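# Descriptive structure summary
Below, each chain spelled out in residue letters.
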Amino acid sequence: MNAKEELMYRIIDNCIRYCTIGDDPNSKVYITREKVLGKARHLNVVMTRAICVNQLIKAGFNKPSIAHVLNKTVTSIRHLIKASDAFEKFSTAYRNTLRECTKSNLNLYTSK
């Protein structure tokens, strides 16, 4: 794994840490890296994916690189960017989590 992928995974793990609800790993709402990188379609997982894409874009990564790391297509990354905008408009929880992730990831962006 190169330094770029390592930074991307650190950002993703940081986003997951802020988006996780509860402590029970068997719960549907417990968010793991496998769920975010996989095909899970639960709303909280989709919101976490959207936050990850948002944070990776802010860090300066391009859509094909993000698609490669998240095991998605570039089209699905574009869709997540649009979903992120919709979540920002209508979800207070999403906005609060996004704000916390941005604060936390700020030092990762500048150390790139």
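Check the entry above for the structure.
Keep in mind it's a predicted model, so treat the numbers as computed, not measured.

### Overview of unusual backbone geometry
The phi torsion at N71 lies on the positive side, around 60 degrees, for a residue other than glycine. Tracing the backbone through its elements, the reader meets N71 in the loop between α4 (63-70) and α5 (74-90).

### A look at α5
Look at α5: 25 Å from first C-alpha to last across 17 residues, which is about the 24 Å you get at 1.5 Å a residue. The set of residues buried in α5 consists of I77, L80, A83, S84 and F87. The buried residues of α5 occupy an angular sector of 115 degrees when the element is viewed end-on, so they sit on one face. In α5, those exposed residues whose orientation departs by more than 90 degrees from the buried face are T75, H79, K82, K89 and F90.

### Observations regarding the packing of helix α3 (residues 43-58) against α4
Two numbers describe how α3 lies on α4: the axes approach to 10 Å, and their chain directions differ by 140 degrees. By the angle between their axes, α3 is oblique relative to α4. For α3 against α4, the interelement crossing comes out right-handed. Contacts from V53, L56 and I57 in α3 reach K63, I66 and L70 in α4.

### Observations regarding the layout of surface pockets
Put simply, the largest pocket is a space of about 180 Å³. Of all the secondary structure elements, the ones that give two or more residues to the lining of the largest pocket are α3 and α5. Per-element accounting of the lining of the largest pocket gives the leading share, three residues, to α5.

### Concerning α3
For α3, spanning 16 residues, the distance from its first C-alpha to its last is 22 Å, which sits close to the expected 22 Å at 1.5 Å a residue. Of all the 16 residues making up α3, twelve are buried; the element is thus mostly covered by neighbouring parts of the structure. Those residues of α3 that fall on the buried side of the exposure criterion are N44, V45, M47, T48, R49, A50, I51, C52, V53, N54, Q55 and L56. Residue G60 follows α3 closely and has a positive phi angle near 100 degrees.

### Some details on the side chain of N105
Here N105 is to be found in helix α6 (residues 92-110). For N105, the side chain forms a polar contact with the side chain of N14, separated by 2.5 Å. Contact partners of N105, with chain neighbours within four places excluded, come to I11, N14, C15 and Q55.

### Section: the nonpolar core
Core analysis: the biggest nonpolar cluster contains 32 residues, and I11, I12, F61, I66 and L70 have the highest contact counts within it. For this core, the elements supplying multiple residues, two or more each, are α1 (3-19), α2 (33-37), α3, α4, α5 and α6. Element by element, the count of residues in this core is highest for α1, at eight residues.

Parameters at a glance
Residues numbered from 1 in each chain as written. Predicted model: local features only at pLDDT ≥ 70, side-chain atom pairs only at ≥ 80, totals over all residues. Heavy atoms only, no water. Helix = DSSP H or I, 4+ residues; strand = E, 2+ residues; numbered from the N terminus. Expected span 1.5 Å × (residues − 1). Buried < 20%, exposed > 50% of the residue type's maximum accessible area, 1.4 Å probe, protein only. Arc of directions from axis to C-beta. Axes fitted to C-alpha atoms, helices over the stretch in contact; angles between N-to-C directions. Parallel < 35°, antiparallel > 145°, perpendicular 65-115°, else oblique. Left-handed = near helix turned anticlockwise from the far one by under 90°. Contact = heavy atoms within 4.5 Å. 1 Å grid on protein atoms, 1.4 Å probe; cavity = no way out; pocket = protein on both sides within 12 Å on 5 of 7 lines; lining within 4 Å. Points joined across faces, edges and corners; volume = space filled by probe spheres on them. Polar contact = N/O pair within 3.5 Å; in protein donor to acceptor, adjacent residues only side chain to side chain. Core = buried A, V, L, I, M, F, W, Y, C linked by side-chain atoms within 4.5 Å.

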